[in-house]
Amino acid sequence: MRAFTVERYGDKAGVRAGEVPDPEVGADDVLVRIRAASINPLDRMIRDGEMKTILPYRVPFVLGNDLAGIVIEVGSAVTDFAVGDEVFARPDKDRIGTFAELIAVHRDDVAIKPAALTMEEAASLPLVALTSWQVLVERARIQPGQKVLVHAGSGGLGTIAIQLAKQLGAHVATTTSTANVDLVKRLGADVVIDYKKQAFETVLHDYDVVLDSLGGETLEKSLDVLKPGGQVISVAGPPDAALGRELGANPVVRLAMSALSFRIRRRARRRNVSYSFLFMKAGGDQLRKLTPLIEAGTIRPVVDTVFPFESTREALEYVEAGRPKAGKVVVRMP
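About the cut-offs
Residues numbered from 1 in each chain as written. Predicted model: local features only at pLDDT ≥ 70, side-chain atom pairs only at ≥ 80, totals over all residues. Heavy atoms only, no water. Patch = residues over 30% accessible without salt bridge, like charges linked within 9 Å, V, L, I, M, F, W, Y side chains within 5 Å. Areas by Shrake-Rupley, 256 points an atom, 1.4 Å probe, with all protein chains shown as cover. Salt bridge = Lys/Arg side-chain N within 4 Å of Asp/Glu carboxyl O. Lys, Arg positive; Asp, Glu negative; His and termini not counted. Charge placed at Lys NZ, Arg CZ, Asp CG, Glu CD. Helix = DSSP H or I, 4+ residues; strand = E, 2+ residues; numbered from the N terminus. Buried < 20%, exposed > 50% of the residue type's maximum accessible area, 1.4 Å probe, protein only. Axes fitted to C-alpha atoms, helices over the stretch in contact; angles between N-to-C directions. Parallel < 35°, antiparallel > 145°, perpendicular 65-115°, else oblique. Contact = heavy atoms within 4.5 Å. Nonpolar A, V, L, I, M, F, W, Y, C, P; charged D, E, K, R; others polar. Polar contact = N/O pair within 3.5 Å; in protein donor to acceptor, adjacent residues only side chain to side chain. Arc of directions from axis to C-beta. Pairing = 2+ DSSP bridges. Expected span 1.5 Å × (residues − 1). Phe/Tyr/Trp six-rings, centres within 6.5 Å; stacked < 30°, edge-to-face > 60°. Right-handed = clockwise from strand over helix to strand, strands pointing away.

A.B. asks: So what's going on with a negative patch on the surface? Residues and values would help.
C.D. replies: On the surface, Asp80, Asp108, Glu138 and Asp285 cluster together to form a negatively charged patch. Note on placement: Asp108 falls in the loop between strand E7 (102–106) and strand E8 (110–112).

What follows is the structure in structure tokens.
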């Protein structure tokens, strides 16, 4: 099959198109002919080797973390999917590879595609929808009336997190550029901070939760908008020891992760708030919980641009250059 593989870590030229063996289908797997896949910042981080400590993929490997497609074969133990089913998924971290014509995915990580969506729209959702669910529902346990700040509201994660937070009954603030103020308002944001005109930390106060997807100074400043007992949950900041335990890392790696996040955790404690890092997990059951909200239009995907499969490298570069106006970039299979 055709696929885009990482031949070496560290640069754009390390990703190449070529022929690779078709996937092997285990007893609990479904084999999916991929119709569309989407680009995530995680793809660049994996390509550049930034995640090797926790995701030690051995080159060459197929890149890509989101898909929508059609089941063409099921494993001998699979009874909940059938050939011809239209599905979407974020494969498990150990079985990535959606920039390809085919992929074998464990049945627990797959869900039936929402009928209201195109393949391209469905492919844009799994990673960011699962991240939003795991931050807002599982980790933060958002309750009606709580105040949530979602950074980068017009990005792939932000567009979905705003909608889910509103569905949970939260008062939602977000940061965005001038060009996307109207978009994030339509998605449901109650307070919009145009970062080109305002500093969010001088405007927002007494928030319960911040979803940080930017890291760096934005993460540091986010501590200042929380009320006592509030929490910053980051997908872009330094990992913590809890992540190491979750991934089953050895004690040395766990200690290194703890050291990386020591400064931000100490500053959080001094303000009587908390910091944690979230590395999202695959989950077909959570996608199924989200599907009724998608079917009802409560959560709507935002797709910026669709590239042909042959232009996957160009799609990665387009995202890396910060060119998308809003939402996700998708590649479509021929």
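A.B. asks: Can you lay out the pattern of salt bridges for me, pointing to particular residues and giving the numbers?
C.D. replies: On inspection of all chains with the given rule, the structure shows 20 salt bridges. The closest approach of N and O atoms between Arg8 and Asp11, which form a salt bridge, is 3.5 Å. Judged by its relative accessible area of 35%, Arg8 is partly exposed. Overall, the relative accessible area of 28% leaves Asp11 in the partly exposed class.

A.B. asks: Go over the packing of helix H3 (residues 126–139) against helix H11 (residues 284–295) with me, naming the residues and quoting the values.
C.D. replies: If you want to describe how two helices pack, look at the angle between their axes and the distance between the axes. Taken N-terminus to C-terminus, the directions of H3 and H11 make an angle of 90 degrees; their axes are 10 Å apart at the nearest point. One finds that H3 runs roughly perpendicular with respect to H11. From H3, Pro126, Ala129, Leu130, Trp133, Gln134 and Glu138 reach across to H11, where they touch Gln286, Leu287, Lys289 and Leu290. A per-class count over the contact of H3 with H11 returns six nonpolar, two polar and two charged.

A.B. asks: Can you explain the side chain of Ser222? Please cite residues and give values.
C.D. replies: Residue placement: Ser222 occurs in helix H7 (residues 216–222). From its side chain, Ser222 meets the backbone oxygen of Thr218 in a polar contact 2.7 Å long. Look past the residues within four positions of Ser222 in its chain and what remains in contact with it is His151, Phe200, Val210 and Val232.

A.B. asks: Describe the environment of Asp11, and please don't skip the residues or the numbers.
C.D. replies: Within the secondary structure, Asp11 is located in the loop between strand E1 (2–6) and strand E2 (15–19). Through-space distance from the C-alpha of Asp11 to that of Arg44 is 9.1 Å; in sequence the pair is 33 residues apart. Within the local environment of Asp11, its side chain forms a polar contact with the backbone nitrogen of Ala13, the two atoms lying 3.2 Å apart. Here the side chain of Asp11 touches Gly14 through a polar contact of 2.8 Å, landing on its backbone nitrogen.

A.B. asks: Go over helix H12 (residues 312–320) with me, naming the residues and quoting the values.
C.D. replies: Within H12 the residues assigned to the buried category are Thr312, Ala315, Leu316 and Tyr318. Down the axis of H12, the sector holding all buried residues measures 160 degrees, keeping them to one side. Next to the buried residues of H12 lie E1, E2, strand E3 (29–39), helix H1 (41–47), strand E15 (303–308) and strand E16 (328–332).

A.B. asks: Quick rundown of the sheet that holds strand E10 (residues 171–176)? Include the residues and the values.
C.D. replies: Taken in spatial order, the six strands of this open sheet run E11-E10-E9-E12-E13-E14, and their pairing is parallel. Each edge of the open sheet carries a strand with a single partner, namely strand E11 (191–194) and strand E14 (274–277). Taking each pair of neighbouring strands and ignoring which way they run, the sheet shows an average axis angle of 15 degrees. The sheet contact formed by strand E13 (residues 226–234) and E14 spans four bridges and is parallel. What sits directly across from Ile233, in E14, is Ser276.

A.B. asks: Which residues make up the sheet that holds strand E4 (residues 61–62), and what values go with them?
C.D. replies: Strand order in the open sheet made by the three strands is E2-E1-E4, with antiparallel pairing throughout. Across the chains shown, the open sheet's two edge strands, defined by having one partner strand only, are E2 and E4. As defined by bridge partners, E1 adjoins E2 across five bridges and the pair is classed as antiparallel. Note on E2: the bridge partner recorded for Val6 is Val15.

A.B. asks: Which residues make up helix H4 (residues 156–167), and what values do they have?
C.D. replies: For H4, built from twelve residues, the straight-helix expectation of 16 Å at 1.5 Å per residue is met to within 8% by its first-to-last C-alpha distance of 18 Å. Burial runs high along H4: ten of the twelve residues are buried. Of all the positions in H4, only Gly156, Leu157, Gly158, Thr159, Ile160, Ala161, Ile162, Gln163, Leu164 and Ala165 are classed as buried. One or two positions beyond H4, positive phi appears at Gly169, with a value near 95 degrees.

A.B. asks: Account for the packing of aromatic side chains, naming residues and giving values.
C.D. replies: Summed over all chains, the structure comprises four aromatic pairs. Where Phe4 meets Phe309, the ring centres are 5.3 Å apart and the plane angle is 90 degrees; that geometry is what we call edge-to-face. Of the two residues, Phe4 sits in strand E1 while Phe309 sits in the loop between E15 and H12, which places them 305 residues apart along the sequence. Across the pair, exposure class does not vary: Phe4 and Phe309 are buried alike. Judged by centre distance (5.1 Å) and plane angle (40 degrees), the rings of Tyr57 and Phe61 are tilted. The exposure classification of Tyr57 matches that of Phe61, with both residues buried. Put simply, the rings of Tyr9, Tyr57 and Phe61 pair up and form one aromatic cluster.

A.B. asks: Could you give an account of the pairing of E15, with specific residues and numbers?
C.D. replies: Summarising the sheet, E15 and E16 pair through five bridges and their orientation is parallel. Its bridge partner lying in E16, Pro308 is registered against Arg332. As a crossover connection, the stretch from E15 through H12 into E16 is right-handed.

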